[in-house]
Amino acid sequence: MNKIIITVLGKDRPGIIASVSKSLYQMDCNLQNVNQMILQNQFAGFFIVDHPDSLTIEAISQQLEKDLAGKNLKVHADVVENRGNGKQKIDEETFLITTIGPDQKGLVARFTEIIASYGVNVSNLTAIFKGGDEPTANIMSYQIAITSDTDQTGLFKSLRQKASELGLDITIQHKNIFKAINKI
Amino acid sequence: MFNSQEIISTIEMVKNEHLDVRAVTLGINLFDCISHDLTVFKRNVRAKILRNASDLVNVCNSVGDKYGIEVVNKRISISPIALVGAPFSALQMVEIAHTLNDIAREVNIDFLGGFSALVEKGIAPGDRALIEALPEALAQTQRLCASVNVATTRSGINMDAVLDISRAIKRASLLSAADDGLACAKLCVFANIPQDMPFMAGAYLGVGEADAVINVGVSGPGVVKKAIERAIEEHPELDLGQIAEIIKNTACKVTRVGELIGREVAQILNIRFGVVDLSLAPTPTVGDSIGEIFQSLGLTSIGVPGSTAALAMLNDAVKKGGAFASSHVGGLSGAFIPVSEDLNIAEAAANGYLTIEKLEAMTCVCSVGLDMVPVAGDISEETLAGIIADEMAIGMINNKTTATRIIPVPGKRAGEKVSFGGLLGEATIMNVPHATNRDVFVTRGGRIPAPIHSLKN
């Protein structure tokens, strides 16, 4: 069996996952992992599947497009490389960087540029809107993994400096504080 | 991964609701420092405290930074000086007080507690010397805290000690008259003193404790208040049972934060972790007040009828939440109602909602007792001793900790303002009826016997 990742994008509606999984089942593919999210009204689904040796990635892609025709969904399939198992490295420490303040263009680009320049990976990025018309209620949360090789002091200093330049309130906290408060 | 609500609620607790770790207190056993020679004793004490505590402040700050939660106070508690310094005279005890004050400055902590005596059943020479030394020791130092345990449920109330300590309080007040009797703010008189309390001024390291131990005092009245207000806003029909549940859940979260940080500090310092004291400890800041919680619950002010019931509910819910969050809960663990340290409580006293009698009644159902209560400077030793004895009786009979931290303010009368600065806050001097009476009851001395329910074996 070979592993591929299938991405399905489109306007959210009932039955998307049902259609995709039925199509994969009929091709004798085994679903290993599935995740989906909905941003506003847009659906994004990720399916990691094992497929029989007799099927090529192109064949799976074509069959899916055929089965999903008329539903206005975009399908993309790619080979999953076996490098790394996706698990956290032993010496990794996860921090959440949260910025609070007025929305402005280029916010994510500016912060992720700094994070990338320190060789640090963003494992999750969430934009949170608390609702209402409050202009300062725009919250961005970046989950990053710091290793023993990371210049943690330098990174945090650069992030705080950038937040100050942009008039944003920034909080940098180890993930365990969120765990202690919320995961009981 | 955390969802949006989890991220928002955590950030809110830290940023807007004053969630912090109120105190990380390093307890240090001084029994191996004992010597009959004062110079040797002071040298041993200094070496031992520096050996254990030199990194305390830096470690607390770095752990606080890591989690984005401030460790507001870093403190040290030590074995009772009346025991480890038993051979010394009162004058020598004052010298020890100066040494401890200097060490506290050296390791950059604001308070060091343990200038203490345990005299619930009798007064030994070391205890006598310490009590005699208290006024000078407290008036001449800034960072030293003292406590005297004069009663327990198992032993009764040592009324000789109650009167002695009242005299010491009066004298300490006079010696620090220029600072409105500030020396008395560093002295707690206890019934059933806990051995592992991280909060000042009563913290000391009990004789059954390890060589060194980290105890953590969490706080969070602001977090509890906001949780109640949010819940009532969303569901105005909530009953008190449901509100108690909200307080319990919130206390659980707050306690977990304290334990997380305490354990990490202990691990880095390679010192045993002791307990989390899950007290709701206020500061003189708006939004960080126990008094405001009473208003959130629907009372005009702390002190009006209903306040004792509200406090009983609050205190119990805090304990239940904390006990679920941590297996090692200790210290006082409840709600504090310090008058000058809580802006809202100070205002309630100034506006006549809260009297000393109501305050005493409320201490039956919460932790601590008559805490940071400024009274007129002309209060008699006998009346002061009477107030202390009453509070000790509440602790003794109810099998709980009670304490007094009463500050006679020289030259000032009830209704006048007094300011102690910083976390100690400011307040209006409370009226004590018949304050200048010299009733002989307390001068009879002896020991009020332990109650019948002390016979448990």
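Here the structure is a predicted model, which means the values were calculated and not measured. Throughout, a residue's number is its position along its own chain's written sequence, starting from 1. Following the order in which they are written, the chains are lettered starting with A and the ligands numbered starting with 1. Confidence filtering applies because this is a predicted model: local features only for residues at pLDDT of at least 70, side-chain atom pairs given and counted only at 80 or more, and all residues used for totals across whole chains, interfaces and linings.

A. Representation of the overall build of chain A in the model. We count a stretch as a helix when DSSP gives it H or I for four or more residues in a row; a strand needs E for two or more, and each element gets its number in order from the N terminus. Scanning chain A from terminus to terminus reveals five helices and eight strands. Order of helices (α) and strands (β) in chain A, N terminus to C terminus: β-α-β-β-α-β-β-α-β-β-α-β-α. Here a residue counts as buried when 20 or more other C-beta atoms sit within 10 Å of its C-beta, as exposed when there are 12 or fewer, and as partly exposed otherwise, the C-beta atoms being derived from the backbone. Scored against the burial criterion, the 184 residues of chain A give a buried share of 22%. A pair of residues counts as a contact when their C-beta atoms, built from backbone coordinates, are within 7 Å of each other. In chain A, the proportion of contacts linking residues at least 24 apart, taken out of those at least 6 apart, comes to 70%.

B. Expanded view of the overall build of chain B. Of regular secondary structure, chain B possesses 14 helices and 13 strands. Radius of gyration here uses only the C-alpha atoms, and the compact-globule reference equals 2.2 Å multiplied by the residue count raised to the power 0.38. Computed over the C-alpha atoms, the radius of gyration of chain B is 21 Å, within 12% of the 23 Å expected from 2.2 N^0.38 for a compact globule of 457 residues. Taken along the three principal axes of its C-alpha coordinates, chain B extends 60 × 50 × 50 Å. Across the 457 residues that make up chain B, the buried fraction comes to 60%. A fraction of 80% describes how many contacts in chain B between residues 6 or more apart in sequence connect residues 24 or more apart.

C. Representation of the packing of helix 3 (residues 56-67) of chain B against helix 9 (residues 240-269) of chain B in the model. Residues and elements named next belong to chain B. Note on geometry: axes are lines fitted to C-alpha atoms, helical ones only across the stretch in contact, with angles between N-to-C directions running from 0 to 180 degrees. In the contact formed by helix 3 and helix 9, the axes pass within 10 Å of each other and the chain directions differ by 135°. Here helix 3 lies oblique to helix 9, going by the angle between them. Taken as a pair, helix 3 and helix 9 cross one another with a handedness that is right-handed. Contacts between helix 3 and helix 9 involve L56, V59, C60, V63 and Y67 from the first element and I261, E264, V265, I268 and L269 from the second. Under the scheme applied, nonpolar residues are Ala, Val, Leu, Ile, Met, Phe, Trp, Tyr, Cys and Pro; charged residues are Asp, Glu, Lys and Arg; polar residues are all the others, including Gly. Of the residues contributing to the contact of helix 3 with helix 9, the split by class is nine nonpolar, no polar and one charged. Oblique is the label for every angle not falling under 35 degrees (roughly parallel), over 145 degrees (roughly antiparallel), or within 65 to 115 degrees (roughly perpendicular). Definitions for this section: a left-handed crossing has its near helix turned counterclockwise from the far helix by less than a right angle. A right-handed crossing has that turn clockwise.

D. Spatial organisation of the nonpolar core. Joining buried Ala, Val, Leu, Ile, Met, Phe, Trp, Tyr and Cys residues through C-beta atoms within 7 Å gives a set, and that set is a nonpolar core. One finds V150, V162 and V257 of chain B to be the most contacted residues of the largest nonpolar core, which totals 187 residues. Top contributing element to this core by residue count: helix 9 of chain B, with eleven residues. Not counting residues up to four positions away in its chain, the partners in contact with V257 of chain B are I177, A180 and I181 of chain A together with L19, V21, I69 and V218 of chain B. L24, C29, V49 and I60 of chain A belong to the second-largest nonpolar core, a separate cluster that totals twelve residues.

E. Here's a closer look at unusual backbone geometry. Residues and elements named next belong to chain B. Looking along the chain, the bond that leaves M200 and enters A201 is cis, with omega of 15°. In this structure, S333 takes a positive phi of about 45° despite not being glycine. With respect to the helices, strands and loops of the structure, S333 is situated in the loop between helix 11 (307-325) and helix 12 (343-350). Residue H434 is not a glycine yet carries a positive backbone phi of 55°. Here H434 shows up in the loop between strand 12 (426-428) and strand 13 (447-448).

F. Focus on the environment of K162 of chain A. All names here are of chain A. Relative to the helices and strands, K162 is located in helix 4 (residues 152-165). What makes K162 partly exposed here is the crowd of 17 C-beta atoms within 10 Å. Each C-alpha atom, one on K162 and one on I115, is 11 Å from the other, the two residues being 47 residues apart in sequence. With sequence-adjacent residues up to four places away left out, K162 is seen in contact with R110, F111 and I114.

G. Quick peek at the interface of chain B and chain A. At the interface, 19 residues of chain B touch 19 residues of chain A. If you list the elements that add at least two residues to the side of chain B that touches chain A, you get helix 1 (4-15), helix 3 and helix 9 of chain B. No other element matches helix 1 of chain B, which puts eight residues into the side of chain B that touches chain A. For the side of chain B that touches chain A, the residue count by class is twelve nonpolar, three polar and four charged.

H. Region of interest: the pairing of strand 6 (residues 187-191) of chain B. Residues and elements named next belong to chain B. Strand 6 sits mainly inside the fold: five of its five residues count as buried. Residue alternation in strand 6 divides its side chains into two sets, L187, V189 and A191 and C188 and F190, and both sets are buried. As defined by bridge partners, strand 4 (residues 144-152) adjoins strand 6 across five bridges and the pair is classed as parallel. Pairing of V148 across the sheet is with V189, part of strand 6. Pairing between strands is defined by DSSP: at least two bridges between the two strands are required. Here strand 6 runs beside strand 10 (residues 402-409); their pairing, made up of three bridges, is antiparallel. Each bridged residue has a counterpart across the sheet, and for V189 the counterpart in strand 10 is T404.

I. The confidence of the model for chain A, seen in detail. Known as pLDDT, the predictor's confidence for each residue is given on a scale from 0 to 100. With 90% of its residues at a pLDDT of 70 or more, chain A has an overall mean of 85. Confidence, expressed as mean pLDDT per element, reaches its minimum in chain A at strand 6 (residues 121-129) of chain A with 82 and its maximum at helix 4 of chain A with 93.

J. View of the environment of D28 of chain A. Along the polypeptide, D28 of chain A turns up in the loop between helix 1 (16-26) and strand 2 (30-39). Note: C-alpha distance between D28 of chain A and P52 of chain A (24 residues apart in sequence) is 6.9 Å.

K. Examining helix 2 (residues 38-53) of chain B more closely. All names here are of chain B. Working rule for helices: expected span equals 1.5 Å times residues minus one. Across its 16 residues, helix 2 extends 22 Å between first and last C-alpha, which sits within 8% of the 22 Å expected from 1.5 Å per residue. Among all positions in helix 2, only F41, K42, V45, I49, N52 and A53 are buried. Viewed end-on, helix 2 has its buried residues packed into an arc of 115°, placing them on one side of the element. Pointing more than 90 degrees away from the buried face of helix 2 are the exposed residues T39, V40, A47, L50 and R51. Contacts made by the buried residues of helix 2 are with strand 1 (21-28), helix 3, strand 2 (71-78), helix 5 (90-106) and strand 7 (212-218). It is the directions from the helix axis to the C-beta atoms whose arc is reported.

L. Here's a closer look at helix 9 of chain B. Across its 30 residues, helix 9 of chain B extends 43 Å between first and last C-alpha, which sits within 8% of the 44 Å expected from 1.5 Å per residue. Positioned one or two residues after helix 9 of chain B, N270 of chain B has a phi angle of 60°, which is positive.

M. Representation of the sheet that holds strand 3 (residues 42-51) of chain A. Residues and elements named next belong to chain A. What the four strands build is an open sheet, ordered 2-3-1-4; its pairing is antiparallel. The sheet is open, and its two edges are formed by strand 2 and strand 4 (73-79), each paired on a single side. This sheet shows a mean twist of 15° between the axes of neighbouring strands, independent of strand direction. With seven bridges connecting them, strand 1 (residues 2-11) and strand 4 associate as antiparallel partners. Across the sheet, residue V8 finds its bridge partner in strand 4, namely V75. On the sheet, helix 1 packs against strand 1, strand 2, strand 3 and strand 4 and is oriented at approximately 20° with respect to strand 3.

N. Quick peek at the packing of helix 8 (residues 221-234) of chain B against helix 9 of chain B. All names here are of chain B. Remark: helix 8 packs on helix 9, axes separated minimally by 9 Å, with the N-to-C direction vectors making an angle of 140°. Regarding the angle of helix 8 to helix 9, the classification is oblique. For the pair helix 8 and helix 9, the crossing hand works out as right-handed. Here V223, V224, A227, I228 and A231 of helix 8 lie close against helix 9, whose contacting residues are I243, I246, I247, T250, A251 and V254. Broken down by class, the residue content of the contact of helix 8 with helix 9 amounts to ten nonpolar, one polar and no charged.

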